[in-house]
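One letter stands for each residue in the lines below.
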Amino acid sequence: MLEMQVIAALKEAFKSREAWEAKYPDLSPLDDDRVLLQNWASTAQTHGMVLAHLAASPQTRTELMAEMEGMIDRAPAWLDAHFEGQQVMTLELFLHGIAQTQAKQRAAIERVVAEQVDDPAAIEKMLAQAPIPEGTEERSALIHSVGAVMTAHSEALVELAYDLDTRASRRFD
């Protein structure tokens, strides 16, 4: 089942402190906040790659594979800060970059849903309940919004996989 593979990929993106410290020994020991932020970045990156793999159209898949690969490292807010010489990643800057990444991913999710889902109402409703933040909201509101979008994107990807599974099983019935 494709949806189980999507769930497994999303779970794999969320790593333990020990796994992150092994990957980034120069940053060890990591505090709880840093582990959470690493997991959010990893999950956002995984969202993009899973979406690209779920695209049924070969052209869309090719485009999304190129666009989503490494997308998390190309958040405009982060690139601008680096270009301006800002070396410290603040929580607000991090969240702004994640929100920008989520906005691009939302557009890609909507594209894939429009191209290949016969009845997109459930996915559209799920996404509408978690609007993309601007990235400039007050810290607590931004944290809440980014988290809600993470959840909505995860659920949308599982639903997209379920839709593909359902269509595939109808072909063989």
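Before any of the text, the structure's been laid out above.
Heads up: these notes are all about the structure in this document. (Residues numbered from 1 in each chain as written. Predicted model: local features only at pLDDT ≥ 70, side-chain atom pairs only at ≥ 80, totals over all residues. Heavy atoms only, no water.)

## Here's the deal with the overall build of the protein
For clarity, the cut-off: A run of H or I in DSSP counts as a helix once it spans at least four residues, and a run of E counts as a strand once it spans at least two, with each numbered from the N terminus. As defined in this context, the radius of gyration uses C-alpha atoms, and a globule is described by 2.2 Å times the residue total to the power 0.38. Classification of residues uses two cut-offs on accessible area relative to the type maximum, computed with a 1.4 Å probe and protein chains only: under 20% is buried, over 50% is exposed, and between them is partly exposed. Exposure was quantified through the Shrake-Rupley algorithm and a 1.4 Å probe, taking into account, for residues, occlusion by the shown protein chains and nothing else.
Across its full length, the protein holds eight helices and zero strands. Along the protein, from the amino end to the carboxyl end, the secondary structure elements read α-α-α-α-α-α-α-α. Rg of the C-alpha trace for the protein: 17 Å, near the compact-globule value of 16 Å for 173 residues, within the 12% margin. Structurally, the protein occupies a C-alpha span of about 55 × 30 × 30 Å along its principal axes. Across the 173 residues in the protein, those meeting the buried criterion constitute 45%. Roughly 9700 Å² of accessible area belongs to the protein as shown, and the carbon and sulfur atoms make up 56% of that amount.

## With respect to the pattern of salt bridges
Note the following rule: Salt bridge, as used here: a side-chain nitrogen of Lys or Arg that lies within 4 Å of a carboxyl oxygen of Asp or Glu.
A full pass over the atoms with the stated rule returns five salt bridges. Two residues, D32 and R17, come together in a salt bridge whose shortest N-O distance is 2.2 Å. One end of the pair, D32, is in helix α3 (residues 32–54); the other, R17, is in helix α2 (residues 17–23), and 15 residues separate them in sequence. R17 sits in the partly exposed class, given a relative accessible area of 27%. For D163, the salt bridge is made with R167, and the minimal N-O distance between the two is 3.3 Å. Linking D163 with R167, this pair stays in helix α8 (residues 139–172), spanning four residues, or about one helical turn. Accessibility classification places D163 together with R167 in one group, the buried group.

## Concerning the packing of α3 against helix α4 (residues 58–68)
Our working rule: In this analysis an axis means a line fitted to C-alpha atoms, helices contributing only their contacting stretch, and an angle means the value between N-to-C directions, from 0 to 180 degrees. Orientation categories follow fixed angle ranges, with anything under 35 degrees roughly parallel, anything over 145 roughly antiparallel, 65 to 115 roughly perpendicular, and all other angles oblique. A clockwise turn of the near helix away from the far one marks a right-handed crossing, whereas an anticlockwise turn of less than a right angle marks a left-handed crossing. The contact definition used throughout considers only heavy atoms, calling two residues in contact when any of these lie within 4.5 Å.
Between α3 and α4, the shortest axis-to-axis distance is 8 Å and the interhelical angle comes to 165°. The orientation of α3 relative to α4 falls into the category roughly antiparallel. Our pair here, α3 against α4, has a crossing hand that is left-handed. Within the contact between the two elements, α3 uses Q45, G48, M49, L51, A52 and H53 and α4 uses R61, L64, M65 and M68.

## Topic: the packing of aromatic side chains
Quick reminder of the rule: Side-chain rings of Phe, Tyr and Trp (the six-membered ring for Trp) are treated as a pair once their centres are within 6.5 Å; stacked means planes under 30 degrees apart, edge-to-face means over 60, and tilted covers the remaining angles. Either the NZ atom of lysine or the CZ atom of arginine qualifies as a charge over a ring when it sits within 6 Å of the ring centre and within 35 degrees of the ring normal.
For the coordinates displayed, the defined rule picks out two aromatic pairs. With 6.0 Å between their ring centres and 10° between their planes, W20 and Y24 make a pair best called stacked. The class for W20 is buried, based on a relative accessible area of 3%. With a relative accessible area of 27%, Y24 lands in the partly exposed category. With a centroid separation of 5.7 Å and 20° between ring planes, the pair formed by W78 and F94 is classed as stacked. With W78 in helix α5 (residues 76–83) and F94 in helix α6 (residues 91–116), this residue pair connects regions lying 16 residues apart in the sequence. The ring of W20 has K15 lying over it, and the distance from NZ or CZ to the ring centre is 5.4 Å.

## Considering the side chain of S42
Let me state the cut-off plainly: Polar contact criterion, stated in full: a pair of N or O atoms within 3.5 Å, where within protein one must be able to donate a hydrogen and the other to accept it, and residues adjacent in sequence count only if both atoms are side-chain atoms.
Tracing the chain through its elements places S42 in helix α3. Within polar-contact distance, the side chain of S42 engages the backbone oxygen of A13 at 2.7 Å. Filtering out sequence-adjacent residues up to four positions away, S42 remains in contact with A13, K15 and W20.

## Digging into the packing of helix α1 (residues 2–13) against α3
The condition is simple: Amino acid classes used here: Ala, Val, Leu, Ile, Met, Phe, Trp, Tyr, Cys and Pro are nonpolar; Asp, Glu, Lys and Arg are charged; the rest, including Gly, are polar.
Where α1 contacts α3, the axes come no closer than 8 Å and their chain directions differ by 155°. Judged by the inter-axis angle, α1 sits roughly antiparallel to α3. As α1 runs across α3, the sense of the crossing is right-handed. Side by side, α1 and α3 meet where L2, V6, A9, L10 and A13 of the first sit next to N39, S42, T43, T46, H47, V50 and L54 of the second. Each residue belonging to the contact of α1 with α3 can be placed in one class, and the counts come to seven nonpolar, five polar and no charged.

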